[in-house]
Amino acid sequence: GLPPALPALPLELTVLYNSLLFTGASDSAIKGEAEGIRQGLLRVLEACGGCGQDLSTEELWQKVLQEVTAEELQGPLHRLGALQAVWWLAASRLGSTTSLFRLLSHTEDGGRPLCSKGMNELLSLLKAWRVPAEEASLPLLQSTEALKEILCTAAAFLQGLQELEAGNFPTAFSLLQEAAGGFCSKRVLAQIYTCLGCCTEQMGKPQTALQHLRRALQVDFQCLPALSHVAAVYHKLGETDAELQALVLLYEALEKNPPAAASASPHFLIRTELLIHTPILSSLLRHRHPSEVKYLLAQRCLQDGRVADAVEHYLDLLALLQEGLQQQVPLDGGSTLPRIPEVFLEAASALEQAGRHHDAITVCEEVISRTTDLIPRMLQVEERFEQPECPSPGAGLAGGHLSQKESLCCLAWRAAGYLHQGWVWATLGKSKEAITQFSRCLGDLLRVQVYGSGIEPAENLPEVEVLQKIRLLSLIGRGTQFLELGRHKEALLDFQHGLQISPGDPSAVSYLVQALWKLDRKQEAAAHWQKFSQIPFQQEGQERPLPLYLVSCLKQATFPHRESLARSIHDYLGTTNQD
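Calculation criteria
Residues numbered from 1 in each chain as written. Predicted model: local features only at pLDDT ≥ 70, side-chain atom pairs only at ≥ 80, totals over all residues. Heavy atoms only, no water. Phe/Tyr/Trp six-rings, centres within 6.5 Å; stacked < 30°, edge-to-face > 60°. Helix = DSSP H or I, 4+ residues; strand = E, 2+ residues; numbered from the N terminus. Buried < 20%, exposed > 50% of the residue type's maximum accessible area, 1.4 Å probe, protein only. Disulfide = S-S within 2.5 Å. Axes fitted to C-alpha atoms, helices over the stretch in contact; angles between N-to-C directions. Contact = heavy atoms within 4.5 Å. Nonpolar A, V, L, I, M, F, W, Y, C, P; charged D, E, K, R; others polar. UniProt positions renumbered as here; feature names shortened; annotations may be inferred.

The name given to the chain in an unreviewed UniProt entry is Fanconi anemia group G protein, with Pterocles gutturalis as the source organism.

(A) Representation of the packing of aromatic side chains within the structure. Within the structure shown, the criterion is met by six aromatic pairs. Ring centres 6.5 Å apart and planes at 70 degrees place the aromatic pair Tyr 295 and Tyr 314 in the edge-to-face group. Within this pair, whereas Tyr 295 is found in helix 15 (residues 290-303), its partner Tyr 314 is found in helix 16 (residues 307-323), the two being separated by 19 residues in sequence. One exposure class covers both Tyr 295 and Tyr 314, and it is buried. Centroid distance Tyr 511 to Phe 559: 4.8 Å. Interplanar angle 90 degrees. Geometry classified as edge-to-face. Residue Tyr 511 is located in helix 24 (residues 506-518), and its partner Phe 559 is located in the loop between helix 26 (548-556) and helix 27 (562-578); the two are separated by 48 residues in the primary sequence. Residue Tyr 511 is classed as buried on the basis of its relative accessible area, which comes to 8%. The exposure class assigned to Phe 559 is buried, which follows from its relative accessible area of 8%. In textbook terms, an aromatic cluster arises when at least three aromatic residues are bridged by ring pairs, as seen for Phe 495, Tyr 511 and Phe 559.

(B) Examining the state of the cysteines more closely. Using the criterion set out here, one finds zero disulfides in the structure. Between Cys 364, a cysteine without a disulfide, and Cys 553, which holds the nearest cysteine sulfur, the sulfur-to-sulfur distance is 8.3 Å.

(C) Geometry of the packing of helix 18 (residues 340-353) against helix 26. Packing of helix 18 against helix 26 brings their axes to within 7 Å, and their N-to-C directions diverge by 35 degrees. The segment helix 18 lies against helix 26, with Glu 342, Leu 345, Glu 346, Ser 349, Glu 352 and Gln 353 engaging Leu 548, Tyr 549, Ser 552 and Gln 556. Broken down by class, the residue content of the contact of helix 18 with helix 26 amounts to three nonpolar, four polar and three charged.

(D) Geometry of the UniProt feature "repeat: TPR" (unreviewed entry) in the chain. Mapped onto this structure's residue numbering, the UniProt feature "repeat: TPR" (unreviewed entry) falls at residues 472-505. A distance of 9 Å separates the end C-alpha atoms of residues 472-505, which is 79% helix and 0% strand.

Okay, structure coming up:
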């Protein structure tokens with residue numbers, strides 16, 4: 001409450017500097033506004049006969065540094081300016097920080113330009129800024145020289161992240177390299193190397209990216225996001241063994257859940273990590289949950305044909321999910337884990353391919369039973385329907401009212417369950433049981449009425465495309481079992497319906513020709529074969545990948561005797577021409 005006095009201001013500003021060091025030592029405090037700095041500047045102006053209550057903080061700094069010329073206040077004001085830069089950088093206010101250091105440099109060098117062409121202005125200003133000498137009578141809790149080094153590192157890191165987010169990768173790389181050579185803890189250095197790895201990977205340099213990511217792990221092995229990015233780079237390179245090895249290491253590290261690595265750098269109240277708060281960094285350094293990594297292991301093994309390993313990982317994953325979905329799966333929309341029924345269906349596909357047929361049937365039955373009460377008796381689909389932005393892996397299965405999109409998903413999952421069961425029974429040679437499950441699948445799909453008149457027809461919506469693919473695979477599956485039982489006319493009808501859904505589909509065409517052949521309608525079979533052989537099959541919407549849980553069904557639906565059927569048709573046509 002004492003009025004400001006010019007002789008006492010150096011001591012007052014030093015006490016303010018030291019107290020703010022303690023205030024800023026926590027994340028929560030440094031994210032706010034440093035009101036103490038503003039009050040200190042106002043007291044300086046008051047002592048010098050000025051006023052600035054109505055000015056913004058930026059305007060207040062400009063007024064103080066331009067009007068206050070007392071030599072004994074320059075050092076304390078510069079130190080306070082460095083702390084102001086800490087608060088502004090923590091808020092990503094790079095422009096305000098640059099303007100402040102322009103003023104500080106102007107007071108030092110009489111307005112001479114300090115940034116040469118092509119250099120980063122803020123970094124140039126920070127490096128050129130002369131740290132005021134410390135006085136023995138006014139001790140500091142953290143030296144201004146250390147604060148300057150932290151500001152330089154944080155400024156390079158923040159600007160590098162901004163350029164990375166903007167897609168300016170060469171500039172981002174240069175700034176991140178600058179930050180890597182700065183003053184920071186091992187934890188922050190590992191984060192910088194991780195960002196360098198992501199940047200160079202975006203630049204099309206995967207091997208360089210791997211070098212930076214390995215460097216991040218060498219600096220701090222607890223920087224697990226770097227290991228996650230290593231696996232992603234190997235995936236893009238197609239090096240499955242290395243990718244799986246990285247994912248196994250990541251999963252083991254997450255299971256152990258070790259404490260954060262202690263910083264090997266000297267402890268300071270203000271540290272680089274307190275100044276870096278950006279969404280892109282949070283995204284790049286997002287820690288995966290064990291269930292996500294286990295799913296990636298299972299998925300990659302299934303995609304690569306490592307069925308036994310896939311089964312083991314899927315069963316582990318299902319056990320993890322049973323322990324508690326909320327604890328295992330992040331519900332922030334950033335999870336790589338698909339919806340839970342899809343995980344079950346993929347597990348069923350893996351079990352089926354591994355020859356564990358009855359286990360596959362049981363897993364599918366779980367999906368069917370869980371979704372039965374969630375599907376309306378009739379579902380009308382328009383070309384535009386409400387789509388939740390990022391449904392969580394477990395959303396939509398706890399009961400209650402579902403959106404149209406959710407109802408379509410539940411219908412697809414249950415129909416896919418019946419589809420898988422049908423193919424399992426077919427593999428076991430149980431044609432009647434297979435026909436029953438295929439018929440249930442087709443009966444489910446009759447609930448959907450698709451209509452639309454917009455630019456994008458309802459038939460082209462992703463969920464409807466999946467349903468159409470399930471219908472096609474089920475018709476082919478049921479038709480093959482009718483053929484096995486000698487019910488050729490019924491088989492022919494199914495294959496004809498399949499071609500209505502997907503005109504020119506190679507499997508449906510081949511089975512249709514075979515059914516006609518078995519009905520002794522050889523001329524008609526040959527005509528169909530010639531017609532479709534001359535027109536290459538163009539699958540609409542083929543840019544959309546097929547769900548992984550349907551891939552095995554697609555393989556099973558492939559016609560296995562195409563060459564022998566082609567020879568029979570060729571021989572028949574040759575004989576007919578001779579006659």
